[in-house]
Amino acid sequence: MAAAAPIAVCCSGRGTNLEAILRAIRRGSLRARVAVVISDNPRSGALVRARAAKIQTAVILPAKFPSREAFDKALARVIERSGARIIVLAGFMRILSPWFIRRFRGKILNIHPALLPAFAGANGVRDALAHGAKITGVTVHFVDEKVDHGPIILQAPVAVLEKDTQESLHARIHRVEHRLYPQAIQRGLAGRVRIAGRKVLIS
Ligand code: GRF
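Residues numbered from 1 in each chain as written. Predicted model: local features only at pLDDT ≥ 70, side-chain atom pairs only at ≥ 80, totals over all residues. Heavy atoms only, no water.

## Considerations on the site of the ligand
Part 1 of the reasoning: Lining the immediate surroundings of the ligand are Gly 13, Arg 14, Gly 15, Thr 16, Asn 17, Gly 91, Ile 111, His 112, Pro 113, His 170, His 174 and Glu 177.
Part 2 of the reasoning: Residue Gly 15 places a main-chain N or O atom 2.8 Å away from an oxygen atom belonging to the ligand.
Part 3 of the reasoning: Backbone polar atom of Ile 111 to a nitrogen atom of the ligand: 3.1 Å apart, as the coordinates give it.
Part 4 of the reasoning: Contact with the protein chains hides 88% of the accessible area of the ligand, taken as 370 Å² for the molecule alone.
Part 5 of the reasoning: Elements represented by at least two residues in the shell around the ligand include exactly helix H1 (16-27), strand S5 (108-112) and helix H6 (166-189).
Part 6 of the reasoning: If you tally residues by element for the shell around the ligand, the top one is H6, at 3 residues.
Part 7 of the reasoning: When the residues that make up the shell around the ligand are grouped by side-chain class, the tally is 2 nonpolar, 8 polar and 2 charged. (Near = heavy atom within 4 Å. Polar contact = N/O pair within 3.5 Å; in protein donor to acceptor, adjacent residues only side chain to side chain. Areas by Shrake-Rupley, 256 points an atom, 1.4 Å probe, with all protein chains shown as cover. Helix = DSSP H or I, 4+ residues; strand = E, 2+ residues; numbered from the N terminus. Nonpolar A, V, L, I, M, F, W, Y, C, P; charged D, E, K, R; others polar.)

Printed below as a string of structure tokens:
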């Protein structure tokens, strides 16, 4: 059997999606190995989770770099050294430079807590709630030069309840994310995903 494919996971926050990815790997539903967890935030919970799982971590501090591209070059070096085949953004709160996107085109995945193209941006859950949406959800997509814009791999809906707060809605969205992201990564690694313009064809 082929060795599990190495992936790099980039996180800024709590890292519950990272945890879900690690769980799917342990269960065998995701045939991957997290080669490195990278964060721009030294206080990210994802780093704690990665260390507990004995996974290599790297912290890259934006303040140490003169430009976005300089940061992204450091990021690319860590990823390339790790041998990762794909880059999984899991709550990574940075916009990647065109240089970075060109270098890794078709290999960067992101998860967004809304049904894109609705409620793009950093506050997808808050914005769906404020808009009075009845249905929102989760999108896993390839990353391109525009924010929350690249070709969509998988989506799943989440109903908005009248009594929802941002916290309660995000908690239900997270549960769906934790199921959807490992599935999308597995399909990508298994070569079952092909980009055709804006469409992602899944075999
Ligand atoms: C998720 O809701 C994801 O959709 C968004 O950031 C959040 C990250 O959560 N991009 P976590 O750090 O994985 O818990």
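After that view, the rundown keeps rolling.
## A look at helix H5 (residues 124-131)
Part 1 of the reasoning: What H5 keeps buried is the set Gly 124, Val 125 and Ala 128. The arc that holds every buried residue of H5, seen down its axis, measures 100°, which confines them to one face.
Part 2 of the reasoning: Phi turns positive one or two residues past the end of H5, at Gly 132, with a value near 80°. (Buried < 20%, exposed > 50% of the residue type's maximum accessible area, 1.4 Å probe, protein only. Arc of directions from axis to C-beta.)

## Structural notes on the pairing of strand S2 (residues 32-39)
Part 1 of the reasoning: For S2, the tally of buried residues reaches 7 of 8 residues, placing the bulk of the element in the interior.
Part 2 of the reasoning: Pairing geometry for strand S1 (residues 5-11) and S2, over 7 bridges, is parallel. Each residue of the ladder has a partner; that of Cys 10, found in S2, is Ile 38.
Part 3 of the reasoning: In terms of handedness, the path from S1 via H1 over to S2 forms a crossover that is right-handed.
Part 4 of the reasoning: Summarising the sheet, S2 and strand S3 (residues 57-59) pair through 3 bridges and their orientation is parallel. Bridge pairing in S3 places Val 37 opposite Thr 57. (Pairing = 2+ DSSP bridges. Right-handed = clockwise from strand over helix to strand, strands pointing away.)

These figures come from the coordinates and say nothing about function on their own.
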